[in-house]
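Residues per chain, in single letters:
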Amino acid sequence: MKIGKRIKELRQASGLTQEELAIRSNLTKGFISQVEHDLTSLSVDSLVQILSALDESPADFFREALQEKVVFGEDDRVRVEKRGVKKFELLVPAAQNREMEPALVILSQGEKTPREDSHEGEEFGYVVEGKIAIRLGAKFFYAKKGDCFYYTANTVHYLQNAGRKTAVVVWVSSPPMF
């Protein structure tokens, strides 16, 4: 959480200018501007003065920072280089600290994900576009656009584009393995 950004949001929600907030908090307009742009450090005393002027308790101010993030956009994705894969992105950053790890996998014609050895856990996928082959041990299973797959990862496995067009798959591993 950016403290300056949060203070600016609260100030604007209160309908105050930087100058009005500065007067109410016994600080200067220049200091308020620097705080809102995260250009200066903020002492606890100054923060308490600003929050008091905004009728915001420190507990409420920091509660937002502790709330779990629910929505993740394209800017949150983490690109992972995988040999033989056009695009592999982790959809939720720091998913290794969670129970599941969702990824977006894009495979061009003939591409496949690296072979994964047997490991603990389960994997799920949804084919957004194209057709894929799922290799589990010595067997292949096929899924096309709109299909999903689910398996226990207790055997060698990988995904392969089984069609002529690009394949797009949302792939989820539990526990995180990517």
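Residues numbered from 1 in each chain as written. Predicted model: local features only at pLDDT ≥ 70, side-chain atom pairs only at ≥ 80, totals over all residues. Heavy atoms only, no water.

Q: I'd like a rundown of the sheet that holds strand β9 (residues 167-174), residues and numbers included.
A: A sheet is described by the order of its strands in space; here 6 strands give the open sequence β1-β2-β3-β9-β4-β7, paired in antiparallel fashion. The strands lining the two open edges of the sheet, one partner per strand, are β1 (78-79) and β7 (148-152). The sheet contact formed by strand β2 (residues 87-90) and strand β3 (residues 101-107) spans 4 bridges and is antiparallel. What sits directly across from L90, in β3, is A103. (Pairing = 2+ DSSP bridges. Helix = DSSP H or I, 4+ residues; strand = E, 2+ residues; numbered from the N terminus.)

Q: Account for the sheet that holds strand β5 (residues 131-136), naming residues and giving values.
A: Reading across the sheet, the 3 strands line up as β6-β5-β8 and stay open at both edges, with antiparallel pairing between neighbours. Every interior strand has two partners, whereas the edge strands, β6 (139-144) and β8 (157-161), have only one. Sheet twist, expressed as the mean angle between neighbouring strand axes with direction ignored, is 25 degrees. Relative to β6, β5 runs antiparallel, the two being bridged by 6 bridges. Its bridge partner lying in β6, I132 is registered against A143. (Axes fitted to C-alpha atoms, helices over the stretch in contact; angles between N-to-C directions.)

Q: Talk me through the pairing of strand β4 (residues 122-129); I want residue IDs and the actual numbers.
A: Pairing of β4 with β7 involves 5 bridges; the strand directions are antiparallel. What sits directly across from E122, in β7, is T152. With 7 bridges connecting them, β4 and β9 associate as antiparallel partners. Its bridge partner lying in β9, E129 is registered against V168.

Q: Lay out the pattern of salt bridges in plain terms, naming residues and giving numbers.
A: Summed over all chains, the structure comprises 6 salt bridges. In this structure, R11 and E36 form a salt bridge, with 2.5 Å as the shortest nitrogen-oxygen distance. In this pair, R11 is assigned in helix α1 (residues 3-13) and E36 in helix α3 (residues 29-36), connecting sequence segments 25 residues apart. With a closest N to O distance of 3.3 Å, D117 and R115 form a salt bridge. Judged by its relative accessible area of 55%, R115 falls in the exposed class. A single salt-bridge network, built from bridges that share partners, covers R77, K87 and E89. (Salt bridge = Lys/Arg side-chain N within 4 Å of Asp/Glu carboxyl O. Buried < 20%, exposed > 50% of the residue type's maximum accessible area, 1.4 Å probe, protein only.)

Q: Provide a residue-level description of the packing of helix α2 (residues 18-25) against α3, including the pertinent values.
A: Packing of α2 against α3 brings their axes to within 8 Å, and their N-to-C directions diverge by 110 degrees. By the angle between their directions, the pair α2 and α3 is classed as roughly perpendicular. Crossing handedness for the pair α2 and α3: right-handed. Across the interface between the two elements, Q18, E19, L21, A22 and S25 of α2 pack against K29, I32, S33 and E36 of α3. (Parallel < 35°, antiparallel > 145°, perpendicular 65-115°, else oblique. Left-handed = near helix turned anticlockwise from the far one by under 90°. Contact = heavy atoms within 4.5 Å.)

Q: Tell me about a nonpolar patch on the surface, residues and numbers included.
A: A surface patch of nonpolar side chains, amounting to about 370 Å² of accessible area, comprises F124, Y126, V128 and Y150. Ranked by residue count, the leading element in the nonpolar patch is β4, at 3 residues. Within the fold, F124 resides in strand β4. By relative accessible area, F124 is classed as partly exposed at 31%. (Patch = residues over 30% accessible without salt bridge, like charges linked within 9 Å, V, L, I, M, F, W, Y side chains within 5 Å. Areas by Shrake-Rupley, 256 points an atom, 1.4 Å probe, with all protein chains shown as cover.)

Q: Report on the environment of A22, specifying residues and quantitative values.
A: Within the fold, A22 resides in helix α2. Note: C-alpha distance between A22 and M177 (155 residues apart in sequence) is 50 Å. Apart from residues no more than four positions distant in its own chain, A22 is found in contact with L27, T28, K29 and I32.

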